[in-house]
Each structure stands twice: as C-alpha cells, then as structure tokens.
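# Observations on the three-dimensional arrangement
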Amino acid sequence: METSHYMKNYEAGHVPIRVTKSKQLLGVIDKHFGTLAFCRRWLDRLDQTKYLMALKNLCDLGIVDPYPPLCDIKGCYTAQYEHTLYLRPTCKEVLTRGDDY
C-alpha cells in the first residue's frame with residue numbers, strides 16, 4: 001500500500017545527508033512542519049517539485065518515518081478523528097466535545 005503521510009523522526013540524531021535535494025527538502029520540512037505529520041500534497045502546495053527520491057532518501061536514512069493509511073478490513077480505509085462521533089440515522093453527535101473544542 002502506498003504511503004500517504006510522513007513525519008520527521010524527532011529521535012533521529014545527526015545523520016549525514018549527501019544528496020543536495022534531500023538536504024533542501026529536510027530544510028523545508030523543518031521550517032514548515034517540524035515534527036508534525038505531513039502529506040505529499042502539502043509539499044506540492046509549498047511549490048516543491050521532483051521531491052519523491054529525496055523523500056525516499058530521508059526515509060531510508062531514518063530521518064523521516066513513512067506512515068501508510070490505516071486499514072481495518074483489506075481494501076477498506078479507516079479514518080482517525082480527534083473526537084468520538086456517533087452517527088445516528090438523522091444526525092451526527094460529537095461525544096467527546098469538551099471545553100477545548
């Protein structure tokens with residue numbers, strides 16, 4: 001299954017990067033995402049082009065971790081939300097809504 005999301009590994013120490021494009025991409029990741037997860041679409045929106053090999057290189061070096069889509073049943077996708085939702089026939093109810101929402 002194709003990886004959809006990536007996140008910088010905050011436990012990765014200094015790793016020498018020899019590929020110039022990988023160094024440049026890591027700079028973009030540090031500047032815009034830090035250790036927060038991101039997807040390739042967001043790199044596209046930052047006008048990054050031809051970055052797939054650089055991203056693969058960063059993953060191979062252990063600097064960036066790939067996260068494939070969540071799967072529950074083979075061929076089906078699972079969504080992850082910050083709240084628990086209860087889907088009724090006529091409405092949707094957020095069960096975990098608190099003061100912070």
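First, a word on what this report is: a plain description of the structure on this page. (Residues numbered from 1 in each chain as written. Predicted model: local features only at pLDDT ≥ 70, side-chain atom pairs only at ≥ 80, totals over all residues. Heavy atoms only, no water.)

## Some points on the pattern of salt bridges
Worth spelling out the cut-off: We define a salt bridge as a side-chain nitrogen of Lys or Arg found within 4 Å of a carboxyl oxygen belonging to Asp or Glu. Counting from the N terminus, the helices are the DSSP runs of H or I reaching at least four residues and the strands are the DSSP runs of E reaching at least two. Think of it in three bands: with a 1.4 Å probe and only protein chains considered, a residue is buried below 20% of the maximum accessible area for its type, exposed above 50%, and partly exposed in between.
Summed over all chains, the structure comprises 3 salt bridges. A salt bridge links Asp-60 to Lys-56, with the shortest nitrogen-to-oxygen separation between them at 2.9 Å. Here Asp-60 and its partner Lys-56 are both found in helix 3 (residues 52-60), 4 residues apart, which amounts to about one turn of the helix. The exposed category is assigned to Asp-60, whose relative accessible area is 55%. Classification of Lys-56 by relative accessible area gives partly exposed; the value is 45%. Between Arg-88 and Glu-93 there is a salt bridge, with the nearest N and O atoms lying 2.6 Å from each other. We classify Arg-88 as partly exposed; its relative accessible area is 42%.

## A few points about the packing of helix 1 (residues 20-32) against helix 3
Cut-off, in case you're wondering: Helix axes use the C-alpha atoms of the stretch in contact, all axes being lines fitted to C-alpha atoms, and the angles between their N-to-C directions lie in the range 0 to 180 degrees. Just so you know how the angles are binned, under 35 degrees is roughly parallel, over 145 roughly antiparallel, 65 to 115 roughly perpendicular, and the rest oblique. Two residues qualify as a contact provided that any one of their heavy atoms is within 4.5 Å of a heavy atom in the partner residue. Three classes are used, and their members are as follows: Ala, Val, Leu, Ile, Met, Phe, Trp, Tyr, Cys and Pro are nonpolar, Asp, Glu, Lys and Arg are charged, and the others, Gly among them, are polar.
Where helix 1 contacts helix 3, the two axes come as close as 9 Å, and the packing angle between them is 80°. The orientation of helix 1 relative to helix 3 falls into the category roughly perpendicular. Contacts between helix 1 and helix 3 involve Lys-21, Ser-22, Leu-25, Leu-26 and Ile-29 from the former and Ala-54, Leu-55, Asn-57 and Leu-58 from the latter. Taken together, the residues of the contact of helix 1 with helix 3 break down into 6 nonpolar, 2 polar and 1 charged.

## Quick look at the pairing of strand 1 (residues 5-8)
Heads up, the condition is: Pairing between strands is defined by DSSP: at least two bridges between them are needed.
Here strand 1 pairs with strand 2 (residues 38-39) via 2 bridges, running antiparallel. Each residue of the ladder has a partner; that of Tyr-6, found in strand 2, is Phe-38. Bridge count between strand 1 and strand 3 (residues 64-67): 4 bridges; the pairing is antiparallel. Bridged to His-5 within strand 3 is Tyr-67.

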